[in-house]
Amino acid sequence: QVQLVESEGGLVQPGGSLRLSCTASGLIFSLYVMAWYRQAPGQQRHLVAFVTNGGTTNYADSVKGRFTISRDNAKDTVYLQMDSLKPEDTAVYYCNAGYSNSRNYYPYDFWGQGTQVTVSS
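Bear in mind that the values here come from a model prediction, so they are computed numbers and not experimental data.

Undergrad: What's the story with the state of the cysteines in this structure? I'm lost.
TA: A covalent bond between the sulfur atoms of two cysteines is referred to as a disulfide. Tallying each qualifying case throughout the model produces one disulfide. Between the sulfur atoms of cysteine 22 and its disulfide mate cysteine 95 the distance is 2.1 Å. Between cysteine 22 and cysteine 95, the S-S dihedral sits near -80°, and the bridge is therefore left-handed. One end of the pair, cysteine 22, is in strand β3 (residues 18-25); the other, cysteine 95, is in strand β9 (residues 91-100), and 73 residues separate them in sequence. Exposure remark for cysteine 22: the relative accessible area of 0% places this residue in the buried category.

Written as structure tokens, this is what we have:
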């Protein structure tokens, strides 16, 4: 079965950086668009960024210029580099596999277990 395993998140001070990774198994990784979502307490899960099979990226306005999504098809892994972190970035971050039509992303029901990122001094 499909498994998406995220790396451990952590506690980061405002302005700091953190890199998340997500390694996939049970699917042909290179065929899927990969994405990161996040969910803050009491809120819905929101799309943060996605990267297509060919490496084209798309970001939510709230993270544009601060976060970078990338993928390594040889390692079946997608990354999320988070810089200039703010307290409002605090959330559980989830990895997802899906598809896109260049501007929109459509998630399949393939989710990681989630990893907590807390930005606080």
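Undergrad: Explain the side chain of threonine 115 to me, please; I cannot follow it from the model alone.
TA: Along the chain, threonine 115 falls in strand β11 (residues 115-119). Relative accessible area serves as the criterion here: at 6%, threonine 115 is assigned to the buried category. Ignoring anything within four residues of it in the chain, the contact list for threonine 115 reads Glu6, Ser7, Glu8, Gly9, Leu20, Ala91, Val92 and Tyr93.

Undergrad: What exactly am I supposed to notice about the packing of aromatic side chains here?
TA: Any aromatic ring pair is given by two values, namely how distant the centres are and how the planes are angled relative to each other. The final tally for this structure, using the stated rule, is nine aromatic pairs. With a centroid separation of 5.9 Å and an interplanar angle of 80°, the aromatic rings of tyrosine 32 and tyrosine 108 are classed as edge-to-face. Of this pair, tyrosine 32 sits in the loop between β3 and β4 (33-39) while tyrosine 108 is found in strand β10 (residues 105-111), placing the two residues 76 residues apart along the sequence. You can call tyrosine 108 partly exposed: its relative accessible area is 36%. Consider the rings of phenylalanine 50 and tyrosine 105, whose centres lie 5.4 Å apart with planes at 25°: the pair is stacked.

Undergrad: Can you help me understand the sheet that holds strand β7 (residues 67-72) in this one?
TA: Neighbouring strands of a sheet are bound in pairs by backbone hydrogen bonds; such pairs are parallel or else antiparallel. Judged by pairing direction, the sheet is antiparallel, and its four strands sit side by side in the order β1-β3-β8-β7 without closing on themselves. Bordering the open sheet on either side are β1 (3-6) and β7, each of which pairs with just one other strand. For this sheet the average axis-to-axis angle between neighbouring strands, irrespective of direction, equals 15°. Across four bridges, β1 lies against β3 in antiparallel orientation. Across the sheet, leucine 4 pairs through a bridge with alanine 24, a residue of β3.

Scoring rules and cut-offs
- Residues numbered from 1 in each chain as written.
- Predicted model: local features only at pLDDT ≥ 70, side-chain atom pairs only at ≥ 80, totals over all residues.
- Heavy atoms only, no water.
- Disulfide = S-S within 2.5 Å.
- Helix = DSSP H or I, 4+ residues; strand = E, 2+ residues; numbered from the N terminus.
- Buried < 20%, exposed > 50% of the residue type's maximum accessible area, 1.4 Å probe, protein only.
- Contact = heavy atoms within 4.5 Å.
- Phe/Tyr/Trp six-rings, centres within 6.5 Å; stacked < 30°, edge-to-face > 60°.
- Pairing = 2+ DSSP bridges.
- Axes fitted to C-alpha atoms, helices over the stretch in contact; angles between N-to-C directions.

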